[in-house]
Amino acid sequence: MVLKSPLPIEPETPGHICPLDQACSYLQDAGKELNLDPGVLAILSHPRKVVTVSIPVKLDNGQIQVLTGHRVQHSDILGPYKGGIRYHPAVTLGEVSALAMLMTWKCALLGIPYGGAKGGIAINPQSYSVGELERITRRYISELIKDIGPSVDIPAPDMGTSAREMAWMMDTYSVNVGHAVPGIVTGKPLSIGGSLGREKATGRGVMIIVREALAERGKPLTGARVVIQGFGNVGHAAAELLHQLGAKIIAVSTGAGGIFATNGLDIPALTAYRAKNHRSVVGFPQAVAISNVDLLTLPCDVLIPAALENQITRENVNQVQAEIVAEAANGPVTLAANQSLEARGVTVLPDILTNAGGVVVSYLEWVQGLSYVFWDEERVNHEMEKLMLQAYHQVIQQSKSRQISLRLAAYTLGVGRVAQALADRGLYP
Ligand SMILES: NC(=O)c1ccc[n+]([C@@H]2O[C@H](COP(=O)([O-])OP(=O)(O)OC[C@H]3O[C@@H](n4cnc5c(N)ncnc54)[C@H](OP(=O)(O)O)[C@@H]3O)[C@@H](O)[C@H]2O)c1
Ligand SMILES: N[C@@H](CCC(=O)O)C(=O)O
């Protein structure tokens, strides 16, 4: 049996990589390694609930536009559905479904009591005014009001969303139910119960996993040559923290293009430049321009794709020269490219481990909110690092004992825990 996307969601076109097919393929590999019942795999390949809503919005010029939003709830076997909300033109139901499944394995791998979900709207947020974005966000959450809740489904930021959108979501939900419900979202501003450390948490987690992987190879972080695709919430924080530890960030990019400096970029200066340059890094002095395509194939110790999925593919994988590929984005390496990198002995640090720092601190934010006790940043970072290191060592151990790749090791741990919980709850015979 070949596990395929259970949803009739995307036309198969030549060269099109169906994200849900890919996610199902990794699930199938994990199921085979764990000798899981095909019925269990069938349950785990289906999202529990798929919600698609229309979002009518009045634009600033008076016109009405109707957008489409999705929320896919993959699994709540281990706890409330959990996952981000993405605003990006490439959002599709298939993408959101695949990302929801990844969230289930990520939370299980990290040992946090959540299931997996993801949401999204296919818009370019930069094409809308702040007022329009607020109206879109509020209407989207109003449409989802019966499907989410602080112990049901807890959204968070993802590409194109941030603490600002989380605050609008929290307010919309609270107004609808008649009282303040800070626990409805994570990644929210500190003023309404956000956590110190959440903003940089995903990048910090990436830094921790890269640091450990370099140490495992006997390589110092100081002087390591690092390339980062994407300079947003995740890519920027990873760059800043790795730079502080002495790594040389030799190239970074945003959607508008990249920059390269053979001796390493001055990240604080670049941060200030980007803030004045509409989020773009292009034109930064003491660096040369490089395309996003060429950036991925630069010789380096660590390549960190921190933007979209399907960036390292069958087409460009043979040109990738990094020794370590750290998946800060969700799904940046395709199935075929992953097989090729593994065959060449390139260490691929899988997304469900590498970028888990964000959801871990989301969990810590939720715990602080539920207990009405808020921690200092040092404690948040310490608790996050403990969980990240625990998962990292479990993945390494699983990989060594079963002689499997780090990705399969991470998947067997995540999928295995959900399958075990499914059995313990008696949800399958
Ligand atoms: N935020 C989280 O807590 C979190 C946690 C775990 C995983 N992730 C994953 O990390 C990835 C990035 O998320 P984010 O939160 O950092 O998003 P973000 O803040 O919106 O930043 C995305 C960055 O990627 C750039 N980008 C977009 N398209 C690109 C392209 N084709 N080539 C190069 N760069 C491109 C963007 O540039 P422009 O500004 O020009 O568009 C921006 O710099 C996503 O896969 C997300 O699912 C996020
Ligand atoms: N969107 C992030 C964070 C999810 C969360 O904090 O719930 C992810 O992919 O892991």
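Positions within a chain are numbered from 1, following the residues in the order the chain's sequence is written. Throughout, the order in which chains and ligands are written sets their labels, letters from A for the former and numbers from 1 for the latter. The predicted origin of the model limits local features to residues at a pLDDT of at least 70 and limits the giving and counting of side-chain atom pairs to 80 or more, whereas totals for whole chains, interfaces and linings rest on all residues. No hydrogens and no water enter the side-chain calculation; it runs on all heavy atoms of the structure.

### Regarding the sheet that holds strand S6 (residues 225-229)
Step number 1: DSSP calls a pair of strands paired once it identifies at least 2 bridges connecting them. Numbering of helices and strands starts at the N terminus; helices are DSSP runs of H or I of at least 4 residues and strands are runs of E of at least 2. Across the sheet, which stays open at both edges, the 7 strands sit in the order S9-S8-S7-S6-S10-S11-S12 with mixed pairing between neighbours. With one partner strand each, in any of the chains shown, strand S9 (288-290) and strand S12 (347-349) form the two edges of the open sheet. Pairwise comparison of adjacent strand axes, ignoring direction, gives a mean angle of 20° for this sheet.
Step number 2: Of the pairings in the sheet, the one linking S6 to strand S7 (residues 248-254) comprises 5 bridges and is parallel in character. Pairing of Gln229 across the sheet is with Ser253, part of S7.
Step number 3: Strands S6, S7 and strand S10 (302-305) of the sheet are contacted by helix H7 (residues 233-244), whose axis makes an angle of about 165° with S6. Here the axes come from fitting lines to C-alpha atoms, over the contacting stretch only for helices, and the angles between their N-to-C directions go from 0 to 180 degrees. Contact definition: two residues touch when any of their heavy atoms are within 4.5 Å.

### With respect to the side chain of Thr271
Step number 1: In this structure, Thr271 sits in helix H8 (residues 267-276).
Step number 2: Ignoring any residue separated from it by four or fewer positions in sequence, one finds Thr271 in contact with His236 and Glu240.

### Considering the pairing of S7
Put simply, side chains in a regular strand alternate between the two faces of the sheet.
Step number 1: Buried, partly exposed and exposed residues are distinguished by accessible area as a fraction of the type maximum, computed with a 1.4 Å probe on protein chains only: under 20%, between the cut-offs, and over 50%, respectively. Across the 7 residues of S7, 6 count as buried, placing the element largely inside the fold.
Step number 2: The parallel pair S6 and S7 is bridged by H7, and the resulting crossover is right-handed.
Step number 3: The pairing of S7 with strand S8 (residues 257-260) spans 4 bridges and is classified as antiparallel. Its bridge partner being in S8, Ser253 is matched across the sheet by Gly258.
Step number 4: Here S7 folds back onto S8, and the loop between the two strands holds 2 residues. The crossover handedness rule: strands pointing away from the viewer, path from first strand over the helix to second strand clockwise, crossover right-handed.

### A few points about empty space enclosed by the protein
Step number 1: A cavity here means a set of points on a 1 Å grid, drawn over the protein atoms and nothing else, where a 1.4 Å probe fits but cannot get out; a pocket is an open set with protein on both sides within 12 Å along at least five of seven lines, and a residue lines either one if it has an atom within 4 Å of a point. Grid points are joined across faces, edges and corners, and a volume is the space filled by probe spheres set on the points. In the structure shown here, the tally under the stated rule is 1 cavity of 30 Å³ or more.
Step number 2: A volume near 160 Å³ is recorded for the largest cavity.
Step number 3: What lines the largest cavity is a set of 16 residues, among which Pro19, Gln22, Ala98, Leu102 and Gly331 lie closest to the centre.
Step number 4: Contributing elements (two or more residues each) for the lining of the largest cavity: helix H1 (19-34), helix H3 (93-110) and helix H14 (406-424).
Step number 5: Taken together, the residues that form the lining of the largest cavity break down as 8 nonpolar, 4 polar and 4 charged. When residues are sorted by character, Ala, Val, Leu, Ile, Met, Phe, Trp, Tyr, Cys and Pro go into the nonpolar class, Asp, Glu, Lys and Arg into the charged class, and all the rest, Gly among them, into the polar class.

### Description of the UniProt feature "binding site: NAD(+)" (unreviewed entry) in the chain
Step number 1: UniProt positions are given in the numbering used here, feature names are shortened, and annotations may be inferred rather than shown by experiment. Mapped onto this structure's residue numbering, the UniProt feature "binding site: NAD(+)" (unreviewed entry) falls at Thr202 and Asn233. The largest pairwise C-alpha distance within this set of annotated residues, which runs over 32 residues, is 8.0 Å, so the set is compact in three dimensions.
Step number 2: Turning to its location among the elements, Thr202 is positioned in helix H6 (residues 201-216).
Step number 3: Here Thr202 falls in the buried class, since its relative accessible area comes to 8%.
Step number 4: Discounting residues that sit within four places of it in the chain, Thr202 has contacts with Asn233, Val234, Asn355, Gly357 and Gly358.
Step number 5: One can find Asn233 in helix H7.
Step number 6: Polar contact is the term for a pair of N or O atoms within 3.5 Å; when the atoms are in protein, one must be able to donate a hydrogen and the other to accept it, and sequence-neighboring residues count only if both atoms are side-chain atoms. Among the polar contacts listed, one links the side chain of Asn233 to the backbone oxygen of Glu199, at a separation of 3.0 Å.

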